[in-house]
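Below are the chains, spelled out letter by letter.
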Amino acid sequence: MSSSTMTIHLKIWRQKNSHSKGRFETYTLDQVDEHMSFLEMLDVLNEQLIMEDGDPVEFDYDCREGICGSCNLVINGKAHGPKHLTAVCQLHMRNYNDGDTVVIEPARAAAFPVIKDLVVDRTAFDRIIEAGGYVSVKTGSAPEANLIPVNQKKANQAFDFATCIGCGACVAACPNSSASLFTGAKIAHLNKLPQGQPERNERVLAMVDQMQKEGFGDCSNFAECEAVCPVGISISAIAEMRRDYMKALFDD
Amino acid sequence: MPSFIEAAQSQVGRKILTGITGFLLLFFIIFHLAGNLAIFGDEHDMNRYSAFLHDMGGLLWLARIGLIVAFGLHAWIGISIWLKKRKARSQAYNVYSSKGGASKQGLSSRSMALTGIILLIFLVFHINTFALGDTETVIVDGREMEDLRSLVIETFMNPLYAFGYTFVMILLGAHLGHGIWSAFTSLTMKSKQLSAAIYSVGVVLAFLIAIGFLFIPLYIYFTGGCGELLGGCT
């Protein structure tokens, strides 16, 4: 496989910890291979920084195959970079041209404080899940799966919402820093399934409440979240959340 | 279980209330426009319409109170959402842009707070000009009526009013361009197909409403109040 290399200018947000004031640092990489993933390009930068006794740029990653949701960088103002349905780890340098300047910022939201550089604390999402993003089942031997019939259409819808990887791009891209897409997807995923029915009302009320307590903003139906979502979750998740919330209020 | 007040203050409740009040205001605006277009009817149709509304008495006050509540809630929630978003992102992005695709971010959606606040300020001046304005009395169908029509024509002969109103009506169109679809979404419209269709219908409706409103001041100004549609000068 032939490949061409290019020069990429980077403008990266550097911040020591959550209390310090961050600033941009500029770096230039000369031998960026077009087949590199965006994160591999950052690996090359970090190797270079370490060789020069510099401080490597901290960024979050785990699986590097678009399923874990660890990586969420805001690249040139867009969460997960320029491509739709693509997490940063799946973004390749062939989407850039020789001599491009790339600005990398962390996801910015008061509920996602910066830990270091591009790494933000997303435990607010964990607390939303803890509030109701689960089903309670008696442990023991696994029950016969076919005992609970699931409507095929509902199962498909639930799966579409279940694909949320919790990367936080929806919050990062939302002009209001709302977590409605994440919370909506997690609620809809379980509320669509028979196993989620017993706790459906408590779930939606508790998760909406927790989302608000974490300091995320209100949804203004910008639908920017859907545009940046690496797994393409529709804002119908938010409509589901609102409908389930209203149902819960009028259900006793 | 949250109380009604708590639920209304939740992020979902606020959106539902914004949607409901938004729809009420949209219906009001459409009725208002229909009333305005009476100016192109018979010479005294607009005055008859005005008299008809005033004759409703208690019902009119009920509608007025309903509208004040709807406007108040809609504006209060909208402004509070706008203020909260600053707290929710204390450090702004240095570079930020929409990713396009499914995004509904644009001039219309991003300026909802601004266009909304301008519309609210406009409303005060608007009520002062027409609802509380000085009108002559005319005899129509054998009874005394306020000559609202003449007040309207006189007002829009003034370029400041004609173009000021036109400008604000463009902003109204922009507000509704995102607002109509957004109200449907807030009131839990789930279907993706329906969503796309309603977005288009909303934009067209917003455009027609804006054109309908701004046509009147511009027509009066450019025809010197003597246009054929107004029955010429008498």
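All of these numbers come straight from a predicted model, not from anything done at the bench.

Colleague: Which residues make up the sheet that holds strand β4 (residues 78-79) of chain A, and what are the values?
Modeller: Across a sheet, paired strands are connected by hydrogen bonds in the backbone, their directions being either parallel or antiparallel. Residues and elements named next belong to chain A. In space, the five strands of this open sheet follow the order β2-β1-β5-β3-β4, with mixed pairing throughout. Bordering the open sheet on either side are β2 (23-33) and β4, each of which pairs with just one other strand. Where strand β3 (residues 73-75) and β4 come together, two bridges link them in antiparallel fashion. Considered in β4, the bridge of Val74 is made with Ala79.

Colleague: A description of the nonpolar core should follow, citing residues and the corresponding values.
Modeller: Among the nonpolar cores identified, the biggest contains 80 residues, and Cys170, Val171, Leu181, Cys225, Ala237 and Met241 of chain A are the most heavily contacted of them. Of the domains in this structure, domain 1 (5-116) and domain 2 (123-250) of chain A are the two that each give at least three residues to this core. Once you skip the residues sitting within four places of it in the chain, Leu181 of chain A turns out to touch Cys170, Cys225, Glu226, Cys229, Ile233, Ile235, Ala237 and Ile238 of chain A. One finds Ile39, Leu148, Phe184 and Ile220 of chain B within the second-largest nonpolar core, a separate group that totals 24 residues.

Colleague: Please set out the interface of chain B and chain A residue by residue, giving values where relevant.
Modeller: In this complex, chain B contributes 39 residues to the contact, which on the side of chain A involves 43 residues. Residue composition of the side of chain B that touches chain A, grouped by class: 12 nonpolar, 16 polar and 11 charged.

Colleague: Outline the pairing of strand β5 (residues 101-106) of chain A, listing residues and values.
Modeller: Of the pairings in the sheet, the one linking strand β1 (residues 5-14) of chain A to β5 of chain A comprises four bridges and is parallel in character. Along β5 of chain A, the bridge assignment pairs Leu10 of chain A with Val102 of chain A.

Colleague: Which residues make up the environment of Arg149 of chain B, and what values go with them?
Modeller: All names here are of chain B. Looking at the secondary structure, you find Arg149 in helix α7 (residues 148-157). In this structure, the C-alpha to C-alpha distance between Arg149 and Met46, residues 103 residues apart in sequence, is 6.1 Å. Among all residues touching Arg149, those that are not within four sequence positions of it are Ile39, Met46 and Asn47.

Colleague: Please set out the domain arrangement of chain A residue by residue, giving values where relevant.
Modeller: All names here are of chain A. We note that the domain assignment places domain 1 (5-116) and domain 2 (123-250) within chain A. A separation of 29 Å is found between the C-alpha centroids of domain 1 and domain 2. On the side of domain 2, 16 residues touch domain 1, which itself brings 18 residues to the contact. Here the residues of the side of domain 1 that touches domain 2 are counted per class, giving 11 nonpolar, five polar and two charged.

The rules we used
Within each chain, residue numbers correspond to sequence positions counted from 1 in written order. To label them, take the chains in the order written and letter them from A, then take the ligands in the order written and number them from 1. For this predicted model, a pLDDT threshold of at least 70 governs which residues receive local features, and a threshold of 80 or more governs which side-chain atom pairs are given and counted, while totals over whole chains, interfaces and linings are taken from all residues. Two strands form a pair only when DSSP identifies at least two bridges running between them. In DSSP terms, a helix is any run of H or I states spanning at least four residues, a strand is any run of E spanning at least two, and both are numbered starting from the N terminus. Linking buried Ala, Val, Leu, Ile, Met, Phe, Trp, Tyr and Cys residues through C-beta atoms within 7 Å yields a set, and such a set is a nonpolar core. Neighbour counting defines burial: a residue surrounded by 20 or more other C-beta atoms within 10 Å of its own C-beta is buried, one with 12 or fewer is exposed, and intermediate counts give partly exposed, using backbone-placed C-beta atoms. Note that the domain bounds reflect an automated or database-derived domain assignment. We call two residues in contact if the C-beta atoms placed from their backbones are at most 7 Å apart. Charged residues are taken to be Asp, Glu, Lys and Arg, nonpolar residues to be Ala, Val, Leu, Ile, Met, Phe, Trp, Tyr, Cys and Pro, and polar residues to be all remaining types, Gly included.

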